[in-house]
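Structural overview
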Amino acid sequence: MSERKVLNKYYPPDFDPAKIPKLKLPKDRQYVVRLMAPFNMRCKTCGEYIYKGKKFNARKETVQNEVYLGLPIFRFYIKCTRCLAEITFKTDPENTDYTMEHGATRNFQAEKLLEEEEKRMQKEREEEELNNPMKVLENRTKDSKLEMEVLENLQELKELNQRQANVDFEAMLKQYKEYEEEQKRKEQEEDEQEMKAMLEEAQNRRLLVDSDSDEEPAKSRTKPVAEVKPTDILQEDPQPQSKKLKTESWERSVGKLNTKSQLAGLVTVKKQKPDPTLANGMENQGTTADTGNC
Ligand SMILES: [Zn+2]
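Let me sum up the structure you'll find in this document. None of the values given here were measured: they were computed from a predicted structure.

Some points on the overall build of the chain
Counting secondary structure elements, the chain contains seven helices and eight strands. By the burial criterion, 21% of the 294 residues in the chain qualify as buried. Across the chain, contacts joining residues at least 24 apart in sequence account for 50% of those joining residues at least 6 apart. Total accessible area computed for the chain in this model is approximately 24500 Å², and 54% of it derives from carbon and sulfur atoms.

So this is what it looks like as structure tokens:
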């Protein structure tokens with residue numbers, strides 16, 4: 001039984017491990033590895049977004065002519081999940097990061113780019129100053145100048161703001177008030193003028209009517225007689241006195257009938273009111289009603 005599982009092997013005395021033939025494999029051989037996408041990217045061929053952390057079966061290879069401080073740099077090949085286009089990225093030991101190489105664009109790194117840029121500028125300046133003491137002085141004066149300019153600009157802006165504020169809150173309000181008042185005044189004046197004009201017109205019309213009535217009794221006399229007829233019967237009773245009084249005036253009053261012939265019937269009721277201003281017209285109409293009777 002002790003022979004069944006042998007723990008040692010017999011090496012012949014002429015054994016030479018260097019003589020064993022080696023398996024010939026290329027140095028830049030590719031391995032299949034499982035990895036996660038190290039950053040957000042977007043496929044250039046189809047526009048598909050590949051998010052950080054998406055898992056892939058990738059091929060890994062060592063980049064041949066690139067080394068960072070003796071560290072090998074690796075390249076990975078993955079395939080877009082939608083269009084199967086090949087995407088490659090590399091390790092970036094300098095920044096402890098990965099760099100996009102081909103087939104996609106890296107996304108969501110604007111902030112990082114900005115930071116990098118700032119860092120780079122700072123570094124450049126520091127280097128310059130290290131080698132050149134004059135440069136240090138120059139930079140310092142530049143800085144102080146810039147600071148002064150900024151302060152001045154700020155002051156100017158503040159003053160400008162104040163000036164504007166003054167104009168805004170006092171002068172403008174005043175102006176606006178004045179303008180409003182003026183507008184009101186104008187409106188009132190216009191109203192008054194209009195009123196005056198209307199009054200004058202009305203007076204003129206009355207005068208005209210009065211003067212016209214004498215001239216055109218012939219025209220109007222015929223029509224009203226026909227229209228007034230149906231109401232005549234009703235008016236007979238309440239109008240004995242007006243008949244007497246206005247028989248002489250009906251001829252001049254007939255002119256009014258032209259405009260108010262339709263109202264002739266209704267007017268009879270009003271006629272009895274003792275309204276001094278309307279008396280003329282009313283009585284006239286009353287008489288016209290009488291004309292039918294006559
Ligand atoms: Zn794609």
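Things to note about a negative patch on the surface
Residues Glu 187, Glu 189, Glu 190, Asp 191, Glu 192 and Glu 194 make up a contiguous surface patch of negative charge. Relative accessible area serves as the criterion here: at 47%, Asp 191 is assigned to the partly exposed category.

Examining the packing of aromatic side chains
Using the criterion set out here, one finds six aromatic pairs in the structure. Seen from their ring centres, Phe 76 and Tyr 98 are 6.5 Å apart, and the 55° between their planes marks the pair as tilted. With Phe 76 in strand S5 (residues 71-79) and Tyr 98 in strand S7 (residues 97-102), this residue pair connects regions lying 22 residues apart in the sequence. An aromatic cluster of three or more residues is present, and its members are Phe 39, Phe 76, Phe 89 and Tyr 98. One cation-aromatic arrangement involves Arg 59 over Tyr 77; the distance from NZ or CZ to the ring centre is 4.5 Å. If you follow Lys 60 out to its NZ or CZ, it ends over the ring of Tyr 31, 5.8 Å from the centre.

How each quantity is defined
- Residues numbered from 1 in each chain as written.
- Predicted model: local features only at pLDDT ≥ 70, side-chain atom pairs only at ≥ 80, totals over all residues.
- Heavy atoms only, no water.
- Helix = DSSP H or I, 4+ residues; strand = E, 2+ residues; numbered from the N terminus.
- Buried < 20%, exposed > 50% of the residue type's maximum accessible area, 1.4 Å probe, protein only.
- Contact = heavy atoms within 4.5 Å.
- Areas by Shrake-Rupley, 256 points an atom, 1.4 Å probe, with all protein chains shown as cover.
- Patch = residues over 30% accessible without salt bridge, like charges linked within 9 Å, V, L, I, M, F, W, Y side chains within 5 Å.
- Salt bridge = Lys/Arg side-chain N within 4 Å of Asp/Glu carboxyl O.
- Lys, Arg positive; Asp, Glu negative; His and termini not counted.
- Charge placed at Lys NZ, Arg CZ, Asp CG, Glu CD.
- Phe/Tyr/Trp six-rings, centres within 6.5 Å; stacked < 30°, edge-to-face > 60°.
- Lys NZ or Arg CZ within 6 Å of the ring centre and 35° of its normal.

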